[in-house]
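# A closer look at the structure
Residue-level listing of the chains:
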Amino acid sequence: MESDERAPLLLTRTILQPSTQHTLACAAVIAANLLERLAYYSIAGNLVFFLYGEPLCWAISLATVTILVLTAITYYLGLLSGWISDSYFGRYGTIVVGYIIYIFGYIVFIYVSFYFEKFEIHDFQNVTYEGTSCNSTWQKDTRPPVCADGNSPNCLTALYVGVILVAIGAGTVRTNLLSFGGDQARSGGIRSTHRFFTGYYWSLNLGAILALVAVAYIEDFNFFYGFIVAGSSLLLSFLLFLLGTKLYIRRPAGAINVFKIVYRVISNACYVKRNSNIQDDGTVHNFLDYANMEHEGGKFNVNQIEDVRRLWKLCKVFLLTIPYWMCYSQMVFNLFLLQGLHLRVHFDNLTACPSNLTTSTIKAEGAGANLCLNISYIEPSIESKFLIPPASLAAFNAIFIVLFLPLIQKCYRFLSKKGIEALTWRRLWLGMLLASLALSAAGLLEYFRRKNIAECGLFRQVIGITHYDASPGISVLWQIPQYCLVGASEVFFVVTGIEYAYIESPINMQGVVMGLFWLASGIGNFIGLALPYIFYYIDDIWQPKEYINCSRIDKYFFILAIFMLIYSFIFICISKCCDLSLNSVIVETHQKRNNSEPESASATPQLARRRTVRPVNFESSVD
């Protein structure tokens, strides 16, 4: 290795064999990730209900903005924490600091919810149309001392401090834990790296399942005990991570200031191009090549220039993923949940479709009828004691991912034997197609939901303390296919994107690259938040100020599905026209290799590219 190349990884001293060491290190990271995700979704999944209900009684708009603040900081802090880990503290040190901040944030939520026990829950009054008015007063003598200010929403300052601390900790740990685990897996070769990313995403979704099902069930009865369980999970995650310290492969801190080197390379290239008369001798293939020290005035070597070029290429790929994230933001924790609240959540007491609750005109118009007016209600004589919480159906998304991920490698190998390689662009494209199918399934379900209401009337059901006007004859379980399709989409798009971002990134820029990946996700989510208001001005497709039956959400789903389908082919064209390294095979398929031959660190794509700069196929670099 040349003296000017990036510093090698520092191997820890251990009596274990290398294969055992990296396996245990990867297992520690995956287990820590599972418990950390459980803690995160335990807060994010129920935060609105925690703030909106008794005794906090925040306005629904403020509670909704708060979850947006949590998500925003978590997404956007990834880039900053990645830069800090690459430039100053190293990944290990940054993760430890992130965990400490995370735990302090959880302490705030546990502390505030502890005082809920001193509050006597009053009956809710003034039940409104699809909503409630929270009028109870939390007396100052029963509040936490930090929440005694009666001039603002209960515990506003304290809880926002908790939200910000949790967001900083979650964003820091998520971004760097992934890259740090990749460092451990890379020593085992391509197969180990792919298995790690599969296991990592598997653990992420298993943690989400446990949070959305088990912990959320506890929080429905008592938030204090729910936060205790989730906080204990976070603490255990931190301890598991620390227990693997002697097994980890760690890079030295402060090896390179990523943003500074990018700025200097670009500035030097601009200076040389402007002030020199370099002839076209075949050495300048790209604007950044002007900064090559072989040219007069150039100050950087080939490796440094190549790192900046690859970073720019990754930024272009991440920009192309924003439309996917925009559509994704409309699905699992957004409109799918809203749709589920207006589907039948009860199993028993199903009534026959009455013939006198809607007019003949509305019946004739079917799904296209105006369901805001002249629709009568079916009042159940006895309310069902068992219902399916619509939010829990999001667990089917994670369950499908957990079950499907272990099988996907076999699918890749089978396709490879048939001559169809699992190229990066193909996997991303398939993920977009499946997202389009999920949106189409949601639109179709919404069409039949509206049609059922037009024919039979509305069913007024109570979920918690809120009345919802639902379809009387269509069960919420019909949402399972669309949740599973979203899960399949994530397996192909998100997992592939994470692997691509890690493998294609320069070694000393992996923290920043993973931060950029999640930043693109955050940008897509925020664009998605603006979509309803854009469609507000397009006929009657979406009426954000009204409830769902006044809007044509079915049309909205179909429009997004068509957009995603068209964009998937645009994505293929762009990936073919631009050199984005999307024709590589980032998973091992059926290499002709002696099974007894060990996979060394030199067989990894990172070091392979260091020797051959830009191979077309990783398989050719290891054979």
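Source: prediction; values computed, not measured.

Criteria and cut-off values
- Residues numbered from 1 in each chain as written.
- Predicted model: local features only at pLDDT ≥ 70, side-chain atom pairs only at ≥ 80, totals over all residues.
- Heavy atoms only, no water.
- Helix = DSSP H or I, 4+ residues; strand = E, 2+ residues; numbered from the N terminus.
- Buried < 20%, exposed > 50% of the residue type's maximum accessible area, 1.4 Å probe, protein only.
- Contact = heavy atoms within 4.5 Å.
- Areas by Shrake-Rupley, 256 points an atom, 1.4 Å probe, with all protein chains shown as cover.
- Core = buried A, V, L, I, M, F, W, Y, C linked by side-chain atoms within 4.5 Å.
- Expected span 1.5 Å × (residues − 1).
- Phe/Tyr/Trp six-rings, centres within 6.5 Å; stacked < 30°, edge-to-face > 60°.
- Axes fitted to C-alpha atoms, helices over the stretch in contact; angles between N-to-C directions.
- Parallel < 35°, antiparallel > 145°, perpendicular 65-115°, else oblique.
- Left-handed = near helix turned anticlockwise from the far one by under 90°.
- Nonpolar A, V, L, I, M, F, W, Y, C, P; charged D, E, K, R; others polar.
- Patch = residues over 30% accessible without salt bridge, like charges linked within 9 Å, V, L, I, M, F, W, Y side chains within 5 Å.
- Salt bridge = Lys/Arg side-chain N within 4 Å of Asp/Glu carboxyl O.
- 1 Å grid on protein atoms, 1.4 Å probe; cavity = no way out; pocket = protein on both sides within 12 Å on 5 of 7 lines; lining within 4 Å.
- Points joined across faces, edges and corners; volume = space filled by probe spheres on them.
- pLDDT = per-residue confidence, 0-100.
- Polar contact = N/O pair within 3.5 Å; in protein donor to acceptor, adjacent residues only side chain to side chain.

Of the regular secondary structure elements, the protein chain holds 17 helices and five strands. Across the 623 residues that make up the protein chain, the buried fraction comes to 57%. Taking the intrachain contacts of the protein chain between residues at least 6 apart in sequence as the baseline, contacts between residues at least 24 apart amount to 81%. Split by element, the accessible area of the protein chain, about 27,200 Å² in all, is 64% carbon and sulfur.

Turning to the nonpolar core, a few remarks are in order. Side chains of a nonpolar character, in soluble globular proteins, are inclined to be buried together. Ranked by internal contacts, the top residues of the largest apolar core, which has 148 residues, are Leu70 and Phe241. Excluding its chain neighbours within four sequence positions, the residues that come into contact with Leu70 are Tyr40, Ile43, Ala44, Leu47, Val163, Val166 and Ala167.

The next thing to look at is helix H15 (residues 553-577). With 25 residues, H15 extends 36 Å between its outermost C-alpha atoms, agreeing within 8% with the 36 Å of an ideal straight helix rising 1.5 Å per residue. All of the buried residues along H15 are Ile553, Asp554, Tyr556, Phe557, Leu560, Ala561, Met564, Tyr567, Ser568, Phe571, Ile572 and Ser575.

So, about the packing of aromatic side chains. Counting across every chain of the model gives 35 aromatic pairs. Aromatic pair Tyr324 and Tyr328: ring centres 6.2 Å apart, planes at 20°, arrangement stacked. Here Tyr328 and Tyr324 lie together in helix H8 (residues 302-328), a separation of four residues that amounts to about one turn. A residue is classified by how much of its surface remains accessible, and Tyr324, at 1% relative accessible area, is buried.

It is worth spelling out the packing of helix H4 (residues 156-186) against helix H5 (residues 190-221) at this point. The interhelical angle for the contact between H4 and H5, taken along N-to-C directions, is 150°, at an axis separation of 8 Å. Judged by the angle between their axes, H4 and H5 are roughly antiparallel. Relative to H5, H4 is oriented so that their crossing is right-handed. Across from Arg174, Leu177, Leu178, Gly181, Gly182, Ala185 and Arg186 in H4, the residues of H5 making contact are Ser192, Thr193, Phe196, Phe197 and Tyr200. For the contact of H4 with H5, the residue count by class is six nonpolar, four polar and two charged.

Let us now look at a nonpolar patch on the surface. Taken together, Tyr217, Ile218, Phe221, Tyr225 and Val229 make up a surface patch of nonpolar side chains, about 550 Å² in accessible area. Taken together, the elements giving at least two residues each to the nonpolar patch come down to H5 and helix H6 (223-243). The biggest single contributor to the nonpolar patch is H5, with three residues. Of note, Tyr225 is situated in helix H6. For Tyr225, a relative accessible area of 48% corresponds to the partly exposed category.

Evaluation of the coordinates by the stated rule reveals one cavity of 30 Å³ or more. Put simply, the largest cavity is a space of about 40 Å³. Lining the largest cavity, in full, are Val317, Phe318, Thr321, Leu428, Phe493, Gly497, Tyr500 and Phe517. Of all the secondary structure elements, the ones that give two or more residues to the lining of the largest cavity are H8 and helix H13 (480-504). Grouping the constituent residues of the lining of the largest cavity by class yields six nonpolar, two polar and no charged.

What follows deals with the pattern of salt bridges. Taken as a whole, this structure holds eight salt bridges when the rule is applied. In this structure, Arg310 engages Asp307 in a salt bridge whose closest nitrogen and oxygen atoms are separated by 3.8 Å. Note that Arg310 and Asp307 are positioned in helix H8 at a spacing of three residues, about one turn of the helix. In terms of burial, Arg310 and Asp307 fall into one category: buried.

A few words on the environment of Ile574. Along the chain, Ile574 falls in helix H15. Separated by 254 residues in sequence, Ile574 and Leu320 place their C-alpha atoms 8.9 Å apart.

What follows concerns the environment of Ile67. Looking at the secondary structure, you find Ile67 in helix H3 (residues 60-114). The sequence separation of Ile67 and Ala44 amounts to 23 residues, and the corresponding C-alpha distance is 6.9 Å. With residues up to four places along the chain from it excluded, the contact list for Ile67 reads Ala44, Leu47 and Val48.

The predicted structure's coordinates, where accompanied by low pLDDT, should not be read in detail. Averaged over the protein chain, the pLDDT score is 75; the fraction of residues at 70 or greater is 72%. Within the protein chain, H6 carries the highest mean pLDDT (93), whereas helix H17 (residues 618-622) carries the lowest (31). Between residues 120-129, whose pLDDT stays under 50, and residues either more than four places distant or in other chains, the model counts 17 contacts.

Our next topic: the environment of Val163. Position of Val163 among the secondary structure elements: in helix H4. Setting aside residues up to four positions removed in sequence, Val163 forms contacts with Leu47, Thr66, Leu70 and Phe109.

Counted at 1.5 Å a residue, the expected span for helix H12 (residues 424-456) with its 33 residues is 48 Å, and the 48 Å between its end C-alpha atoms agrees. Phi turns positive one or two residues past the end of H12, at Gly457, with a value near 95°.

The next point concerns the side chain of Asn205. By secondary structure assignment, the location of Asn205 is in helix H5. Within the structure, the side chain of Asn205 is placed 2.8 Å from the backbone oxygen of Tyr201, a separation counted as a polar contact. Once residues within four sequence positions are removed from consideration, Asn205 is found in contact with Ala398, Ile401 and Val402.

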